[in-house]
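Each chain, written out:
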Amino acid sequence: MSRPLQAAKSLALVLSACSSIILVVWTLLRCRHGFELTDEGYYLIWISRPWDFDASVTQFGFIYHPLYLLTDRNVALLRCANIGLLFGLAFLASYALLWSLGRQSADRSSRAIWLCSAAAAAASTLVLFSPWLPSPSYNSLALQSLMVTAAGAVLARGDRSAVSMLGWFLLGLGGAATFMAKPTSALVLGALIPLYLAIAGKLNLRGLGIAIVVSLVVLILVAGAIDGSPFAFVRRIISGKQLSDLLQAGHRLGDIVRWESMEMNHKSASTFSYFMFGSFLSVGFVLLWRQYIWPWSVVANAAILIAIVLAVATIRYPNPSSDAVQASQLLGVSLGIAMALFILPGWHVLMTRELGAAVLLLLLLPIAYAAGTNTDLWAAAGRAGTFWLLAGLAIAVAAAARDRAWEALPLVAALALLIPCYVLTGAMEAPYRQTSALRLQTLDTELSEMGSHLLLGEETAAYIAQARKIAADGGFRGGDSLIDLTGTNPATAFFLNARPPASLWMAGGYPGAMDYAIEVLRRTPCTILAASWILLEEPSSSPVSAPAILQRFGIDMSADLTTAGSIELVRGFEPRRVKQTLLRPVRDRETARLACDVKHRDGSDPTGGH
């Protein structure tokens, strides 16, 4: 390669790397801004005190609790750690894929291309935060676990090399972690991995035995750490599943996998086509021009970098309300690459068993990620769309390895970065269930007595300050029980360092919310119910009737509780303006406990017990 072409190559790779770095750093900086009171409140109360609850299907609270402690309970740092962990694991999976498929034809210069391409692919995982919920959750744990599984799958082989053993180990570790995140995803993964291994010709008893043993050992160790024994851990999951079924939230066994058509409006369909055509041209021109594409790659990467900078600076970006750019469009990039491959003479020779199996696995992993969701299947799968991008890159690697045409990888990977860039811009300009753009949320707010701070909007900051003041003036102490009957505000328990009873969130808005709330309180000891504070909301969006449900457990709202204070809350979903009231218990604790016991004995609570 001539010196000018070598210089163009270096500059193109630097520009591609800059695009990835800017996107990741921008996301990390925004971790200090904004807070969503419903889902993020649920995530944080679960992570901050996981051992307070004995029924759960997902165990992400336990998995992320050490990270919560390592970040000194700092929510902004916890979010950054979550994003950093996701990026790192995605980089591992991406580089493992490129290495496993292209190592036989690689030279020293190709590894720099792999690094830049893997970094861009890893940065595409930021589409996970298309609703701005950057705190660790079962969704982030599921995607991180699937990245570990994917890395293990492509590295695992039939020999006894260190790399192969590492692959089988990662395969087992990723499977166990996926179960901890979402058992529904683990169930689908359990069908996909044997299929992949069989098609790729990697299925062998020794390797599979290593993966199974690793999974079992990890699950047994985690079960012991969480509940003391595997049997108690199984009871936890069964109990959590029973509660989930009562809520009727769409997570039943029959809802694990359902097929839906991918719905797009005119703008998003056009954008899908643009990305598909752009990746087709990128790969096609490289296969025709080879190394002479580097000067044009410099121009293309510079244009992509400028577009990202303009979006990050909020100067120019698509209107978030138009949904023109969606995470699922990463599939369009992959389809464009595949189309370019099909114009190659002898393309069918490139489609080896290993490549075909890898592409199939990567195309289906987003479906495994979305398994069990009660929302739109394709929207959920799109948040794991990095796997679709990797499927396209796997095809590009196969073509490049044959002809040593590695030039296509960084260009098409950088092109794909526009998708997470614009998706994130929309998420930050119109954050999920919040009232203003993240860049406008600038009030330094202490979230709880644990000392964590975030930059929030005026409405949310005022709510947190008022809630904490009312609770403190009323005598509330950290660790006291709080029964949240709003159905929408589990974050209040986190702000007050309160302990929710039996279940960390009595969600409203579902058909079985009343039955769920009754069962949760039934599982709560009467000694705790007798001392519990109550949080109510008007107008209520929850079907739970506070007087009726409390009466079942011997609590008379008019006689046994007094108002500690009321708070006005303005939020980003309907009803947008509500009044929440914090009620303090005033009855003698022993008298209240006895009244609860009487209700149990009289059969008002037909399931009995306390």
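The written sequence of each chain sets the order in which its residues are numbered from 1. Local features are withheld for residues below a pLDDT of 70 in this predicted model, meaning they are given only at 70 or higher, and side-chain atom pairs are given and counted only at 80 or more; totals for whole chains, interfaces and linings count all residues. To obtain the side-chain values, all non-hydrogen atoms of the structure were used and water was disregarded.

Chemist: With reference to specific residues and values, describe the overall build of the protein chain.
Modeler: Numbered from the N terminus, helices here are DSSP runs of H or I no shorter than four residues, and strands are runs of E no shorter than two. A tally of regular secondary structure across the protein chain gives 26 helices and 6 strands. Dimensions of the protein chain along its principal axes, counting C-alpha atoms only, are 85 × 55 × 40 Å. Residue burial is assigned from relative accessible area. The probe radius is 1.4 Å, only protein chains are included, and a residue is buried under 20% of its type maximum, exposed over 50%, and partly exposed in between. Within the protein chain, the proportion of its 610 residues that are buried is 57%. In the protein chain, of all internal contacts separated by at least 6 residues, the share reaching a separation of at least 24 is 75%. As presented, the protein chain carries roughly 23800 Å² of accessible surface, and 62% of it is formed by carbon and sulfur atoms. We treat Lys and Arg as the positive residues and Asp and Glu as the negative residues; His and chain ends play no part in the count. Lys charges are placed at NZ, Arg charges at CZ, Asp charges at CG and Glu charges at CD. Each charge sign in the protein chain was given a centre, from 46 positive and 40 negative side chains, and these centres are 9 Å apart. Here, two residues are considered to be in contact whenever any of their heavy atoms come within 4.5 Å of each other. Where accessible areas are quoted, they stem from the Shrake-Rupley method and a 1.4 Å probe; at the residue level, only the protein chains shown are allowed to cover.

Chemist: Could you give an account of the side chain of Ser100, naming the residues involved and the relevant values?
Modeler: Inspection of the secondary structure puts Ser100 in helix H4 (residues 75–102). Taking relative accessible area as the criterion, Ser100 reaches 4% and is therefore assigned buried. Side-chain polar atoms of Ser100 contact the backbone oxygen of Leu97, separated by 3.0 Å. Ignoring anything within four residues of it in the chain, the contact list for Ser100 reads Val154, Arg157 and Glu354. In protein, a polar contact means a hydrogen-donor-capable atom and an acceptor-capable atom, both N or O and within 3.5 Å, with residues adjacent in sequence counting only if both atoms are side-chain atoms; elsewhere, any N or O pair within 3.5 Å suffices.

Chemist: Which residues make up the pairing of strand S6 (residues 577–585), and what are the values?
Modeler: The pairing of strand S4 (residues 533–538) with S6 spans 5 bridges and is antiparallel. The residue of S6 that forms the bridge with Ile534 is Leu583. Paired strands, as defined in this entry, are two strands with at least two bridges between them according to DSSP. Bridge count for strand S5 (residues 561–570) against S6 is 9 bridges, and the pairing is antiparallel. Following the sheet pairing, Glu568 is matched in S6 by Lys579. Between the end of S5 and the start of S6, which pair antiparallel, lie 6 residues.

Chemist: Pulling in residues and values, what's your account of the state of the cysteines?
Modeler: When two cysteine sulfur atoms lie within 2.5 Å, the pair is treated as a disulfide. Evaluated as defined, the whole model comprises 1 disulfide. Two residues, Cys526 and Cys596, share a disulfide whose sulfurs are 2.1 Å apart. Here the disulfide of Cys526 and Cys596 is left-handed, its torsion about the S-S bond being about -60 degrees. With Cys526 in helix H23 (residues 526–529) and Cys596 in helix H26 (residues 589–602), the pair connects residues that are 70 residues apart, well separated along the chain. A relative accessible area of 0% means that Cys526 is categorised as buried.

Chemist: So what's going on with the pattern of salt bridges? Which residues, and what values?
Modeler: Oppositely charged side chains are able to pair whenever their charged atoms sit close together. By salt bridge we mean one thing: a side-chain nitrogen of Lys or Arg within 4 Å of a carboxyl oxygen of Asp or Glu. Inspection of the entire model under this criterion finds 15 salt bridges. Measuring nitrogen to oxygen at the nearest pair gives 2.9 Å for the salt bridge that ties Arg439 to Glu429. Note that Arg439 is positioned in the loop between helix H19 (418–429) and strand S1 (443–446) and Glu429 in helix H19, a separation of 10 residues in sequence. Among the ionic contacts, a cluster of salt bridges with common partners joins Glu519, Arg522 and Arg523.

Chemist: Before we move on, could you go through a nonpolar patch on the surface and cite the residues and values that matter?
Modeler: Like-charged residues are merged into a patch within 9 Å and nonpolar side chains (Val, Leu, Ile, Met, Phe, Trp, Tyr) within 5 Å, provided each residue has over 30% relative accessible area and no salt bridge. A contiguous nonpolar patch, built from Ile21, Val25 and Leu29 and spanning about 280 Å² of accessible area, is present on the exposed surface. In this fold, Val25 is placed in helix H1 (residues 3–29).

Chemist: Outline the confidence of the model for the protein chain, supporting the account with residue identities and numerical values.
Modeler: Confidence of the predictor at the level of single residues is given by pLDDT, which spans 0 to 100. Residues at a pLDDT of 70 or more form 94% of the protein chain, whose mean pLDDT is 89. Long-range and interchain partners of residues 605–610, a stretch whose pLDDT sits below 50, account for 15 contacts in this model, where long-range means more than four residues apart.

Chemist: Break down the packing of helix H8 (residues 183–200) against helix H15 (residues 353–370) for me, citing the residues and quoting the values.
Modeler: Angles shown run from 0 to 180 degrees and are taken between the N-to-C directions of axes, each axis being a line fitted to C-alpha atoms and, for helices, limited to the stretch in contact. Running from N to C, H8 and H15 point in directions that differ by 175 degrees, and their axes come no closer than 9 Å. The angle between H8 and H15 places the two elements in the roughly antiparallel class. Between H8 and H15, the contacting residues are Ser185, Val188, Leu189, Leu192, Ile193, Leu195, Tyr196, Ala198, Ile199 and Ala200 on the first element and Arg353, Glu354, Ala357, Ala358, Leu360, Leu361, Leu364, Leu365, Ala368 and Tyr369 on the second. Throughout, the ten residues Ala, Val, Leu, Ile, Met, Phe, Trp, Tyr, Cys and Pro are labelled nonpolar, Asp, Glu, Lys and Arg are labelled charged, and all others, Gly among them, are labelled polar. For the contact of H8 with H15, the per-class residue count stands at 17 nonpolar, 1 polar and 2 charged. If an angle is under 35 degrees, it is roughly parallel; if it is over 145, roughly antiparallel; if it lies from 65 to 115, roughly perpendicular; otherwise it is oblique.

Chemist: An account of the packing of aromatic side chains is requested, with residue identities and associated values reported.
Modeler: Stacked, tilted and edge-to-face are the three classes assigned to paired rings of Phe, Tyr and Trp, where Trp is represented by its six-membered ring and a pair needs centres within 6.5 Å; plane angles under 30 degrees give stacked, over 60 edge-to-face, the rest tilted. Within the structure shown, the criterion is met by 17 aromatic pairs. Between the aromatic rings of Trp46 and Phe53, the centroid separation amounts to 5.9 Å while the plane-to-plane angle is 70 degrees, which identifies the pairing as edge-to-face. Judged on exposure class, the residue Trp46 and its partner Phe53 are both buried. Consider the rings of Trp46 and Phe62, whose centres lie 5.3 Å apart with planes at 75 degrees: the pair is edge-to-face. Taken together, the residues Trp46 in helix H2 (residues 39–48) and Phe62 in helix H3 (residues 60–70) connect sequence positions 16 residues apart. Here the two residues Trp46 and Phe62 agree in accessibility, since each one is buried. Taken together, the aromatic side chains of Tyr42, Tyr43, Trp46, Trp51, Phe53, Phe60, Phe62, Tyr138 and Trp505 make up a single cluster linked through ring pairs.

Chemist: An account of the environment of Phe62 is requested, with residue identities and associated values reported.
Modeler: Looking at Phe62, the relative accessible area reads 6%, which means it is buried. Considering only alpha carbons, one finds Phe62 and Gly41, 21 residues apart in sequence, at a separation of 16 Å. Other than its neighbours up to four places away in sequence, Phe62 contacts Trp46, Pro50, Trp51, Ser56, Ile226 and Arg236.

Chemist: So what about the environment of Val598? Which residues, and what values?
Modeler: For Val598, the location among the structural elements is in helix H26. Assessed through its relative accessible area of 33%, Val598 is described here as partly exposed. Residues Val598 and Tyr64, spaced 534 residues apart in sequence, show a C-alpha to C-alpha distance of 40 Å.

Chemist: So what's going on with the environment of Gly158? Residues and values would help.
Modeler: By secondary structure assignment, the location of Gly158 is in the loop between helix H6 (138–155) and helix H7 (162–181). Linking Gly158 and Leu364, residues 206 residues apart in sequence, is a C-alpha distance of 23 Å. In contact with Gly158, not counting residues within four places along its chain, are Ser164, Asn204 and Arg206.

Chemist: Which residues make up the packing of H4 against H6, and what values do they have?
Modeler: Between H4 and H6, whose axes approach to 8 Å, the crossing angle comes to 20 degrees. Here H4 is positioned roughly parallel relative to H6, judged by the angle of their axes. For H4 against H6, the interelement crossing comes out left-handed. Residues Asn82, Leu85, Leu86, Leu89, Ala90, Leu92, Ala93, Ala96, Leu97, Trp99 and Ser100 of H4 form the contact with H6, whose own contacting residues are Ser140, Leu143, Gln144, Met147, Val148, Ala150, Ala151, Val154 and Leu155. Of the residues that constitute the contact of H4 with H6, the class distribution is 16 nonpolar, 4 polar and no charged. Crossing handedness is defined as follows: a turn of the near helix away from the far one that is anticlockwise and smaller than a right angle gives a left-handed crossing, while the clockwise case is right-handed.

Chemist: Can you tell me about the side chain of Arg49, naming the residues and giving the values?
Modeler: Turning to its location among the elements, Arg49 is positioned in the loop between H2 and H3. The class of Arg49 is buried, set by a relative accessible area of 17%. A distance of 3.5 Å separates a polar atom in the side chain of Arg49 from the backbone oxygen of Ala498.

Chemist: Tell me what's going on with the sheet that holds strand S3 (residues 482–484), and back it up with residues and numbers.
Modeler: Across the sheet, 4 strands lie side by side as S3-S4-S6-S5; this open sheet has mixed pairing. The open sheet has two edge strands, S3 and S5, and neither has a second partner. Each adjacent strand pair in this sheet contributes to an overall mean axis angle of 20 degrees, direction not counted. Against the sheet, helix H20 (residues 458–473) contacts S4, S5 and S6, and its axis sits at roughly 170 degrees relative to S5.

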